[in-house]
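# Observations on the three-dimensional arrangement
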Amino acid sequence: MDDWQNLLKGSLTKPEEIAERFGLDVEEVKKVAKNFKFRITPYYANLIKEKGDPIYRQIVPDPAELAENSGAADPLNEDEDSPVPSIVHRYPDRVLFLVSHSCGSYCRFCTRKRKVGDSTKINPRSIEDGLEYIRQHPEIRDVIISGGDPLMLSDNKLEYILKSLRAIEHIQILRIGSRMPCFLPQRITPKLVKMLQRYHPLYMNVHFNHPDEITEEAARALNLLANAGIPLGNQTVLLKGVNDDPEVMKKLVQKLLTVRVRPYYIYQADYVKGTEYLRTKVSKGLEIIQAIRGWTSGLAVPQFVIDAPGGGGKIPLLPAYVQSVDDEKVVLRNYQGKVFVYPQVDSPDNQVPAQKPAQKGAFKPEFMPELEEMMY
Ligand SMILES: *Cc1c(COP(=O)(O)O)cnc(C)c1O
Ligand code: SF4
């Protein structure tokens, strides 16, 4: 057994343990856990400074999860776009490949609560069906290896999947989505990255939601990955009481760049059953983007998206920088709120004139006599 597997074994998984540690009612914890299991790695539990803080809210089972008021079991309608159980094929050229049902710890806001943590839903045996589906669909050029968390698999199992995918000619890029660098950075070992770098071009999207999660250990893990030439992106979920504050989010994205992770997406929290207490208003995300764009490195600015309920996919949202567009001008607002006018191109119909198809050897600078002089 690897060191990280031993560390994982020491996780908080018993209602009694968690009730005692955080002063909760054990019966209540049991009820919540029946609905969606919990696990908290000792490393991540140690990041909790006090009850109800941003780390705590992400990971400790909360009776508010049992509220029946709203939310859907499968808000993104993933099951509808799922030709085989381990694949979600929603976009033309890429698929989500679910290879693991378990995670290092279980996020209370998880979109795939209905599947994650349940070995009957994401079954290791369904991996073969997924591979076969990808083989038979030449339009797929990008595979997002997800779950659950793919880095919960042993190095050997993960390598088998990567190798099988690399053997498919139409696959150009591979991506791994993992929260292990956040929950259990010890999972990122020299042995793992040595294996991963045999399957380039390989990208990794990690998942950090708060600046306090970027510890020295996490930085070490991310450094190993970046040194192996794996471009790193980050996905953040906007959560009430966790990161719904422009200053916190700015600190997070700046800190990510210092560990060579490029902020990729901020997700509006999905409309998942039992997560209402963690959702924010959409205007909060727009406010956050407005507080980052222009005020700090453009590299630090992620796209704010809503994964549309019902399966519409990710839709980007931007603060209103474009105030108006007409035939003569575009009125723009900069990051400070100052207004600027950009004149439209001046042509009879205000459109870029169509280019004549270039004919080889027949170049005739009709409108530019001075150019003709220069040429001959
Ligand atoms: C997010 C997602 C992808 C990847 O989207 P990108 O915008 O390319 O990162 C692919 N398939 C599904 C079903 C997704 O939810
Ligand atoms: S790591 Fe990802 S898949 Fe696992 S519980 Fe968290 S959000 Fe869900």
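An account of the accompanying structure is given in this report. Predicted model only: the values in this text are computed from it and were never measured. For every chain, the first residue of the written sequence is number 1, and numbering continues from 1 along that sequence. To label them, take the chains in the order written and letter them from A, then take the ligands in the order written and number them from 1. The predicted origin of the model limits local features to residues at a pLDDT of at least 70 and limits the giving and counting of side-chain atom pairs to 80 or more, whereas totals for whole chains, interfaces and linings rest on all residues. In computing side-chain properties, one takes all heavy atoms of the structure into account and sets aside hydrogens as well as water.

The next thing to look at is unusual backbone geometry. Glycine aside, negative phi is the norm for most residues, and most peptide bonds take the trans geometry. Residues Gly 147 and Gly 148 are joined by a peptide bond in cis, for which omega reads 20 degrees. Helix and strand definitions follow DSSP, with helices as H or I runs of at least four residues and strands as E runs of at least two, each counted in order from the N terminus. Relative to the helices and strands, Gly 148 resides in the loop between strand S3 (142-147) and helix H7 (155-166). With omega at -5 degrees, the peptide bond leading from His 200 into Pro 201 counts as cis. Its place among the elements puts Pro 201 in the loop between helix H9 (190-196) and strand S5 (202-206). With a phi close to 50 degrees, Asn 77 is a non-glycine residue in the positive phi region. Mapping Asn 77 onto the fold places it in the loop between helix H5 (54-59) and strand S1 (87-91). Its identity is not glycine, yet Arg 260 carries a phi of approximately 60 degrees, on the positive side. Locating Arg 260 in the fold gives a position in the loop between helix H11 (246-258) and strand S7 (261-268). Burial classes: relative accessible area under 20% of the type maximum marks a residue as buried, over 50% as exposed, and values in between as partly exposed (1.4 Å probe, protein chains only). Looking at Arg 260, the relative accessible area reads 43%, which means it is partly exposed.

What links the strands of a sheet is backbone hydrogen bonding, and the strands pair in either a parallel or an antiparallel sense. The pairing criterion for strands is at least two bridges between them, as found by DSSP. In space, the 9 strands of this open sheet follow the order S1-S2-S3-S4-S5-S6-S7-S8-S9, with mixed pairing throughout. A strand with exactly one partner marks an edge of an open sheet, and here the two such strands are S1 and strand S9 (313-317). Across the sheet, the axes of successive neighbouring strands diverge by a mean angle of 30 degrees, strand direction being ignored. Across 7 bridges, the pairing between strand S6 (residues 232-238) and S7 is parallel. Across the sheet, Gly 233 pairs through a bridge with Arg 262, a residue of S7. For this analysis, residues touch if any pair of their heavy atoms sits within 4.5 Å. Only the stretch in contact is used when a helix axis is fitted, and all axes are lines through C-alpha atoms; the angle between N-to-C directions ranges over 0 to 180 degrees. Where H7 meets the sheet, its contacts fall on strand S2 (94-100), S3, strand S4 (173-178) and S5, and the angle it forms with S4 comes to roughly 155 degrees.

Bringing the nonpolar core into the picture now. Residues belong to one nonpolar core when they are buried, are Ala, Val, Leu, Ile, Met, Phe, Trp, Tyr or Cys, and are joined through side-chain atoms within 4.5 Å. In terms of nonpolar packing, the biggest core is built from 90 residues, with Phe 97, Ile 134, Val 143, Leu 162, Leu 165 and Leu 196 touching the most fellow members. In contact with Leu 196, other than residues within four places in its own chain, are Leu 158, Leu 162, Ile 176, Leu 202, Met 204, Leu 225 and Ile 230.

A few words on the side chain of Ser 146. Looking at the element boundaries, Ser 146 is found in strand S3. Classification of Ser 146 by relative accessible area gives buried; the value is 10%. Throughout this description, a polar contact denotes any pair of N or O atoms lying within 3.5 Å of each other; where both atoms belong to protein, one of them has to be capable of donating a hydrogen while the other can accept it, and for residues adjacent in sequence the pair is counted only when both atoms sit in side chains. A polar atom in the side chain of Ser 146 sits 3.4 Å from the side chain of Arg 112. Setting aside residues up to four positions removed in sequence, Ser 146 forms contacts with Leu 96, Phe 97, Leu 98, Val 99, Ser 100, Arg 112 and Gly 177.

Our focus in this paragraph is the packing of helix H2 (residues 15-22) against helix H3 (residues 26-35). At a minimum axis distance of 9 Å, the contact between H2 and H3 shows a crossing angle of 130 degrees. Here H2 lies oblique to H3, going by the angle between them. At the point where H2 passes H3, the crossing takes the right-handed sense. Two secondary-structure elements touch here, H2 through Pro 15, Glu 16, Ile 18 and Ala 19 and H3 through Val 26, Val 29 and Lys 30. By the convention adopted, Pro, Cys, Tyr, Trp, Phe, Met, Ile, Leu, Val and Ala count as nonpolar, Lys, Arg, Asp and Glu as charged, and the other residues, Gly among them, as polar. Of the residues contributing to the contact of H2 with H3, the split by class is 5 nonpolar, no polar and 2 charged. Every angle not falling under 35 degrees, over 145, or within 65 to 115 is termed oblique; those three ranges are roughly parallel, roughly antiparallel and roughly perpendicular. Left-handed describes a crossing whose near helix is turned anticlockwise from the far helix through less than a right angle; right-handed describes the clockwise counterpart.

Another aspect to go through is the pattern of salt bridges. For salt bridges, the criterion is a side-chain nitrogen of Lys or Arg within 4 Å of an Asp or Glu carboxyl oxygen. For the structure shown, the criterion picks out 22 salt bridges. Measuring nitrogen to oxygen at the nearest pair gives 3.7 Å for the salt bridge that ties Glu 27 to Lys 30. With a gap of 3 residues between them, Glu 27 and Lys 30 both fall in helix H3, about one helical turn apart. By relative accessible area, Glu 27 is classed as partly exposed at 47%. Residue Lys 30 is classed as partly exposed on the basis of its relative accessible area of 35%. Arg 90 is paired through a salt bridge with Asp 81; the nearest N and O atoms lie 2.9 Å apart.

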